[in-house]
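Observations on the model geometry
The residues making up each chain are set out below.
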Amino acid sequence: MQIHSQSLPMVQFERFTLSNGLKVLVHEDPHTAYAVVNVLYNVGARDEDPDKTGFAHLFEHLMFGGSRHIPDYDQEVQIAGGENNAFTSNDITDYFIKLPAANIETALWLESDRMLELNFSEKSLDVQRKVVCEEFKEHYLNKPYGDVWKIIREMAYQVHPYRWMTIGRELSHIEQARLEDVKAFFYRHYRPNQAILVVAGGIRYQQVKPLIEKWFGDIPPGEPYHRQLPQEPVQQEKRILTVYRDVPADALYMAFPMCGRTDPAYYATELLAQMLGDGESSRLHQQLVKEKKYFSHIHAYVLGSADPGLLVIEGKLLPDVSAELAENAVWTIIRDVQETKIPEQELQKAKNRLESLFAFEENSLMDRAINLAYFEWLGNAQWINEEMHRFEAVTADEVQQVAATVMQQQKANVLYYLSQSHHKADVPASVANHAVA
Amino acid sequence: MSETLALNRTIRPSITSPVAFDVRLKPYECIRLDNRVPVYFLRADHYETIYLDIVFPAGEVYASHVLEAATTNALMKSGTSAHSAREINETIEFYGAYLDAYAESQVAGYGIYMLGKHLPALLPLLFEILTDPVFPEEEIHLYQQTKKQQLRINLKKSDVVADRLIDEVLFGKTHPYGRAAQESDYDSLHRDMLKSFHHQHYVLPAAKIFMAGKIEDGVLGLLNQYFGQSASQHAPATPTVPPPAPAATHQLKHTIDEQALQAAVRIARVLPGYEHEDFNLLSLLNVVLGGYFGSRLMSNIREEKGYTYGIHSLIYPNDAHYASWLVTAEVGRQVAEATAHEVYHEFRRLIAEPVPQEELLMVKNYLIGSLLGRLDGPVQQIKKWRSLILKNQSEQDYVRQIQTFKTATSDDLLDVAKRWLLPDEFYEVMVF
């Protein structure tokens with residue numbers, strides 16, 4: 001059975017650039033009385049100094065501490081009936097406001113003022129340092145399996161700055177952040193020529209263009225930023241690490257270096273991950289959860305980062321299944337996908353699942369705005385309308401080819417994350433944290 | 001560029017106050033299938049997607065065993081007379097559909113997100129899942145294993161443990177709103193229990209159907225062909241919810257990790273449910289207290305003191321008669337007591353001083369704006385209708401609620417705060 005996806009609607013937009021270098025996209029949606037203003041800054045955790053990690057994310061918090069002419073950012077958003085938030089990844093920092101379209105100018109006023117100049121204060125820095133430290137504790141230290149990503153990143157990346165998480169490598173980096181570092185970071189990265197502004201929703205291009213020129217036009221540009229990051233050398237040998245932690249169940253993680261987001265092989269890699277481990281009918285779930293009963297759950301996914309990312313398989317083991325046995329079972333499935341022709345039906349299933357995801361994302365004004373900014377940042381906002389066709393064009397042979405290149409023993413980063421109480425009752429977690437294989 | 005030079009950034013652009021907006025729900029259409037099952041739907045043909053939700057009176061309140069409702073619901077998709085779990089998963093995933101199987105306190109059912117073009121292929125399978133599940137022993141066993149492991153992991157999380165404990169403290173260990181599953185509860189699950197619960201509570205004529213999106217010709221006929229044909233076998237039971245049996249002491253401390261860096265703090269009380277005359281004002285007061293980013297709790301405990309990444313309060317409407325008012329935060333271990341102290345301090349301020357006009361206007365604007373924002377798109381709109389219809393409320397009740405939000409005065413809020421926000425009437429749980 002073949003299902004084709006020509007039916008997805010196109011996302012229409014207009015584009016212009018201000019003289020200070022700010023790229024602007026306007027997307028009209030006559031079906032809503034809402035509007036979204038999204039600002040993407042070309043800065044993420046990979047742009048940080050290795051001794052001052054967590055900065056891009058800490059900075060995201062500071063951006064809500066008031067700007068030069070507007071002491072309380074959130075209060076103004078709320079008066080206009082809006083909601084706002086932001087996120088930081090290893091690649092980008094993204095801010096968004098959703099509010100009634102009639103109040104669009106409030107959002108432009110707010111975003112332009114904090115792009116112009118932040119209200120740098122010791123008080124704001126001091127409080128946000130504490131808040132981020134609590135966030136660090138809440139999500140990465142106080143939760144079972146909370147340090148998994150710290151370990152995997154440090155295994156899989158030896159030189160590239162993807163080796164630390166956006167929250168930072170350690171609490172002390174955030175605790176020691178100084179106001180002068182904050183200022184320098186702002187003037188290096190938070191300039192109009194490093195940003196992409198998307199205005200979307202129940203607005204008209206003719207109406208918002210003058211408002212954008214009014215509020216953003218006089219913000220001075222910054223020095224051009226040329227990213228020069230050390231690129232990760234090709235991994236030549238398998239890395240395997242065992243850690244013991246106070247967790248109730250053993251877990252297995254396998255991470256394989258893959259291409260970056262704009263590489264043509266990205267699409268086949270995403271489909272490969274889908275086929276292997278997305279959903280209950282996927283190969284890993286069907287064979288290792290349902291049939292062999294080695295795992296309580298297992299799934300596979302890609303980190304679609306701008307620089308080469310990771311294809312990750314992760315699962316929790318059922319009691320009395322050894323991590324070695326479980327890992328070998330995963331390798332059997334990997335070999336199978338490498339050596340046996342992939343059925344068309346299975347590939348089509350992966351494409352259909354992506355098509356649905358796209359369709360539901362396009363239902364959401366917020367997702368459309370964020371995606372437009374993201375694709376423009378990657379290279380061209382028009383790609384939002386071409387993505388599904390690129391997935392459609394992938395053949396079973398291409399997926400198999402990617403499986404053969406990416407999922408090799410000597411490119412695997414394997415983490416056995418074991419329950420301390422099941423394995424080594426007498427070894428404290430801090431001592432047992434070293435490689436055994 | 002003389003205009004830009006004259007730009008005065010200290011003057012906020014003029015706004016249309018959201019309070020002035022006319023908040024209206026897009027009217028739904030409704031048909032009844034041959035067996036009288038109602039279908040409430042919103043057409044939005046510029047979308048490619050359909051959301052379809054089939055709701056039964058099969059929620060937690062009907063279950064005598066803590067896991068009966070949730071497990072029955074979860075395992076219905078794990079095999080029918082005609083199809084194995086594997087075949088069901090394969091078909092749903094092949095068509096790129098996403099199932100949302102849920103058991104809430106009153107109702108349970110299946111929501112499905114799909115591309116409209118796949119509805120004819122998926123509807124027969126959905127019908128099978130809802131009307132003819134067989135609950136294979138092997139699938140039950142697998143479910144028990146997985147869930148027990150998930151429970152063991154969750155019991156290492158202070159926030160999860162605190163959520164379980166506060167419900168138990170408020171309602172009592174055996175109350176449908178207070179009970180929490182233990183490992184032994186998973187062991188006592190068995191096939192007859194699930195089959196019997198399904199037979200009793202997934203009765204088709206008692207279902208309600210909600211739908212939004214690309215509803216083309218023929219869709220309603222297909223629904224009738226599958227879901228409209230089974231006649232009534234028996235009337236579904238009416239649940240009896242016992243009164244809450246709260247704990248004797250108001251404070252509970254629990255330790256799961258001596259070295260924990262953070263404590264989970266919960267401060268809560270039972271309120272009357274959504275039929276009570278104070279309910280709408282309390283909902284507004286809750287926003288002032290801890291329901292938005294600029295709330296009293298966030299301003300004080302996060303933005304002033306930096307004790308936490310986030311602190312929130314919410315009113316969870318259990319049913320017409322009972323609701324829970326809940327303050328939640330994960331805070332530094334050393335400042336748990338100080339946090340609780342500040343929370344009660346904020347209660348006392350709301351009891352003692354009227355909310356200033358400017359703050360109240362901001363809260364109203366935020367609330368009306370976010371209510372409008374949440375109605376963005378047909379799926380959100382039909383979900384709002386679903387919520388009203390399942391509560392036996394009309395559009396008038398919704399209009400009245402919005403009207404209360406728009407017209408409430410500081411004195412109104414002071415008045416309900418004095419009745420319902422007395423610190424001594426709250427219960428407190430801290431998990432380290």
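Residues numbered from 1 in each chain as written. Chains lettered and ligands numbered in written order. Predicted model: local features only at pLDDT ≥ 70, side-chain atom pairs only at ≥ 80, totals over all residues. Heavy atoms only, no water.

Focus: the interface of chain B and chain A
With 72 residues of chain B at the interface, the matching set in chain A holds 82 residues. When the two sides are added together, the surface that chain B and chain A hide from each other amounts to roughly 6,900 Å², 56% of it contributed by carbon and sulfur. Broken down residue by residue, the surface that chain B buries against chain A is led by R9, F94 and Y309 of chain B, which jointly contribute 13%. Linking chain B with chain A are 11 salt bridges. A salt bridge links R86 of chain B to E291 of chain A, with the shortest nitrogen-to-oxygen separation between them at 3.1 Å. (Contact = heavy atoms within 4.5 Å. Buried area = accessible area lost by both parts, 1.4 Å probe. Salt bridge = Lys/Arg side-chain N within 4 Å of Asp/Glu carboxyl O.)

Quick look at the environment of P13 of chain B
With respect to the element layout, P13 of chain B can be found in the loop between α1 (2–5) and β1 (29–32). Judged by relative accessible area, which is 9%, P13 of chain B ranks as buried. For the pair P13 of chain B and L52 of chain B, spaced 39 residues apart in the sequence, the C-alpha separation amounts to 42 Å. Contacts of P13 of chain B, omitting those with residues within four sequence positions, involve E105, T106, W109 and W215 of chain A. (Helix = DSSP H or I, 4+ residues; strand = E, 2+ residues; numbered from the N terminus. Buried < 20%, exposed > 50% of the residue type's maximum accessible area, 1.4 Å probe, protein only.)

Here's the deal with the environment of N280 of chain B
Residue and element names in this part refer to chain B. Within the element layout of this structure, N280 appears in helix α10 (residues 279–290). Each C-alpha atom, one on N280 and one on A408, is 9.7 Å from the other, the two residues being 128 residues apart in sequence. Not counting the four nearest positions on each side in its chain, N280 is found in contact with Q401, T404 and F405.

What about the pattern of salt bridges?
Scanning all chains against the criterion turns up 54 salt bridges over all chains. A salt bridge links E154 of chain A to K150 of chain A; the nearest nitrogen and oxygen atoms lie 3.2 Å apart. One end of the pair is E154 of chain A and the other is K150 of chain A, both in helix α5 (residues 148–156) and four residues apart, which spans about a single turn. One salt bridge connects E342 of chain B with K305 of chain B, and the closest N-O pair in it is separated by 3.6 Å. Of this pair, E342 of chain B sits in helix α12 (residues 336–352) while K305 of chain B sits in the loop between α11 (296–304) and β9 (308–317), placing them 37 residues apart in sequence. The structure contains a network of salt bridges with shared partners spanning K52, R178, E180 and D181 of chain A.

Considerations on the packing of helix α11 (residues 323–339) of chain A against helix α15 (residues 396–406) of chain A
All names here are of chain A. Packing of α11 against α15 leaves a shortest axis separation of 8 Å and a crossing angle of 135°. Taken as axis vectors, α11 and α15 run oblique relative to one another. Judged by the twist between their axes, the crossing of α11 over α15 is left-handed. Residues V337, Q338 and E339 of α11 lie in contact with α15, whose contacting residues are Q400, A403 and A404. Tallied by class, residues from the contact of α11 with α15 come to three nonpolar, two polar and one charged. (Axes fitted to C-alpha atoms, helices over the stretch in contact; angles between N-to-C directions. Parallel < 35°, antiparallel > 145°, perpendicular 65-115°, else oblique. Left-handed = near helix turned anticlockwise from the far one by under 90°. Nonpolar A, V, L, I, M, F, W, Y, C, P; charged D, E, K, R; others polar.)

Focus on the sheet that holds β1 of chain B
The six strands are arranged β1-β2-β6-β3-β5-β4 (chain B) in an open sheet whose pairing can be described as mixed. A strand with exactly one partner marks an edge of an open sheet, and here the two such strands are β1 and β4 (98–103) of chain B. For this sheet the average axis-to-axis angle between neighbouring strands, irrespective of direction, equals 15°. Sheet topology places β1 of chain B next to strand β2 (residues 38–43) of chain B; four bridges connect them, and they run antiparallel. The residue of β2 of chain B that forms the bridge with E29 of chain B is F41 of chain B. Against the sheet, helix α12 (residues 344–363) of chain A makes contact with β3 (49–56), β4 and β5 (108–115) of chain B, and its axis sits at roughly 95° relative to β5 of chain B, the strand it touches most. Taken strand by strand, helix α4 (residues 119–131) of chain B contacts β3, β4 and β5 of chain B, and its axis lies near 165° from that of β5 of chain B. (Pairing = 2+ DSSP bridges.)

Some thoughts on the pairing of strand β6 (residues 208–213) of chain B
Residues and elements named next belong to chain B. Most of β6 sits out of view: five of its six residues are buried. As judged from the five bridges shared by β2 and β6, these two strands associate in the parallel manner. Directly across from L42, in β6, lies its bridge partner A212. Relative to β6, β3 runs antiparallel, the two sharing six bridges. If you follow V55 over to β6, its bridge partner there is K208.

So, the confidence of the model for chain B
Residues and elements named next belong to chain B. With 98% of its residues at a pLDDT of 70 or more, chain B shows a mean pLDDT of 92. Confidence, expressed as mean pLDDT per element, reaches its minimum in chain B at α1 with 48 and its maximum at helix α2 (residues 68–75) with 97. Reported confidences for the modelled complex are a pTM of 0.91 and an ipTM of 0.87. (pLDDT = per-residue confidence, 0-100.)

Some details on α12 of chain A
Taking 1.5 Å per residue as the helical rise, α12 of chain A with its 20 residues ought to reach 28 Å, and the 29 Å between its terminal C-alpha atoms agrees with that figure. Judged by how many residues are buried, α12 of chain A sits mostly within the fold: 16 of 20 residues are covered. (Expected span 1.5 Å × (residues − 1).)

Considerations on the domain arrangement of chain B
Size of an interface: often given as the accessible area lost when the parts come together. All names here are of chain B. Partitioning chain B into structural domains gives domain 1 (29–227) and domain 2 (251–431). Averaged C-alpha coordinates put domain 1 and domain 2 at centres separated by 29 Å. Opposite the 33 residues of domain 1 that make contact, domain 2 presents 28 residues. Summed over both sides, the interface between domain 1 and domain 2 buries roughly 2,500 Å², with carbon and sulfur atoms accounting for 75% of that surface. Run the count over domain 1 and domain 2 and you get three salt bridges. (Domains from an automatic or database assignment.)

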